[in-house]
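Fold and contact review
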Amino acid sequence: MNLDCGKCRVRDWRLADKPSLLRLADNRNVARNLAHRFPHPYTEADADAWFVLLANKPQPTAWAIDVGGEAVGGIGIDVGEGIYAKTARFGYWLGEPLWGQGIMTAAVRATADFALDHFDLVRLEAPVFATRHGGDPEAIEEYFIKGAEAQTAVVDPTPAGGPTVPPPSDNIPDKLF
């Protein structure tokens, strides 16, 4: 994949990204806004394990955020299974030196559109961490609502079934952050 996002590109990870991955991912401020699967400290062994995981995926669902030819963050989805096959968890991170420049807003918009279309999804879910600051709430709320108020889209397992999307909630917040 190679998405032009204006301020950045979202592309497949390359082994040549390892030095920048190590430099930018080994940051407590980055790790504290991510799920437990993102280790801190971020070591060379973690980077090696990441590239093995990527190589073993049948279809890429995690991509590098590229600025000026360098991987400066990551963005991706975990597609649900079974009745949750039309839903994916959405996550992303950006190296701290690039925060506040609109890079992640651009990457989220482009990648969310791509993921919804390419993977035939009807819903993306993203956890919101209390420590996360910045970003563009309007960009995020185009695709996400707070998990506490979320209803999950499911696929009817009957042969004639298809995606079932719950009606809109009256409790959707005006702002996420």
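A quick note: this is a predicted structure, and the numbers were derived from the prediction, not measured.

For the rest of this paragraph, the subject is the pairing of strand β3 (residues 62-67). Most of β3 is tucked away: five of the six residues are buried. As paired elements, strand β2 (residues 9-11) and β3 share three bridges and run antiparallel to each other. Counterpart to Arg9 in the pairing with β3 is Asp66. As paired elements, β3 and strand β4 (residues 70-79) share six bridges and run antiparallel to each other. Bridge assignment links Ala64 to a residue of β4, and that residue is Gly74.

Looking now at the pattern of salt bridges. Under the definition given, this model contains nine salt bridges. Taking the shortest distance from any N to any O, the salt bridge between Asp78 and Arg37 comes out at 2.7 Å. In this pair, Asp78 is assigned in strand β4 and Arg37 in the loop between α2 (28-31) and α3 (44-55), connecting sequence segments 41 residues apart. Taking the relative accessible area as the measure of exposure, Arg37 reaches 61% and is therefore exposed. By sharing partners, the salt bridges in this structure join Arg11, Asp17 and Asp66 into a single network.

Further remarks concern the sheet that holds β2. In sheet architecture, strand pairing relies on hydrogen bonds along the backbone and comes in two forms, parallel and antiparallel. The sheet built from six strands is open, its strands ordered β1-β2-β3-β4-β5-β6 with mixed pairing. Either end of the sheet is taken by a strand with one partner, and the two such strands are β1 (2-4) and β6 (123-125). Between one strand axis and the next, the sheet turns by 25° as a mean value, whatever way the strands run. Strand direction decides the pairing type here: β4 and strand β5 (residues 87-94), joined by seven bridges, are antiparallel. Bridge assignment links Gly76 to a residue of β5, and that residue is Gly91. Across the sheet, helix α4 (residues 103-118) lies against β1, β2, β3, β4, β5 and β6, angled at about 155° from β5, the strand it touches most.

What follows is about the packing of aromatic side chains. Two descriptors summarise a pair of aromatic rings, namely the distance from one centre to the other and the angle between the planes of the rings. Considering all chains together, one arrives at eight aromatic pairs under this definition. Between Trp13 and Phe51, the aromatic rings sit 6.3 Å apart at their centres with planes inclined by 80°, giving edge-to-face as the arrangement. In this pair, Trp13 is assigned in the loop between β2 and α1 (18-25) and Phe51 in helix α3, connecting sequence segments 38 residues apart. Across this residue pair, the class does not change: Trp13 and Phe51 are buried. Put simply, the rings of Trp13, Trp50 and Phe51 pair up and form one aromatic cluster.

Cut-offs used in this document
- Residues numbered from 1 in each chain as written.
- Predicted model: local features only at pLDDT ≥ 70, side-chain atom pairs only at ≥ 80, totals over all residues.
- Heavy atoms only, no water.
- Buried < 20%, exposed > 50% of the residue type's maximum accessible area, 1.4 Å probe, protein only.
- Helix = DSSP H or I, 4+ residues; strand = E, 2+ residues; numbered from the N terminus.
- Pairing = 2+ DSSP bridges.
- Salt bridge = Lys/Arg side-chain N within 4 Å of Asp/Glu carboxyl O.
- Axes fitted to C-alpha atoms, helices over the stretch in contact; angles between N-to-C directions.
- Contact = heavy atoms within 4.5 Å.
- Phe/Tyr/Trp six-rings, centres within 6.5 Å; stacked < 30°, edge-to-face > 60°.

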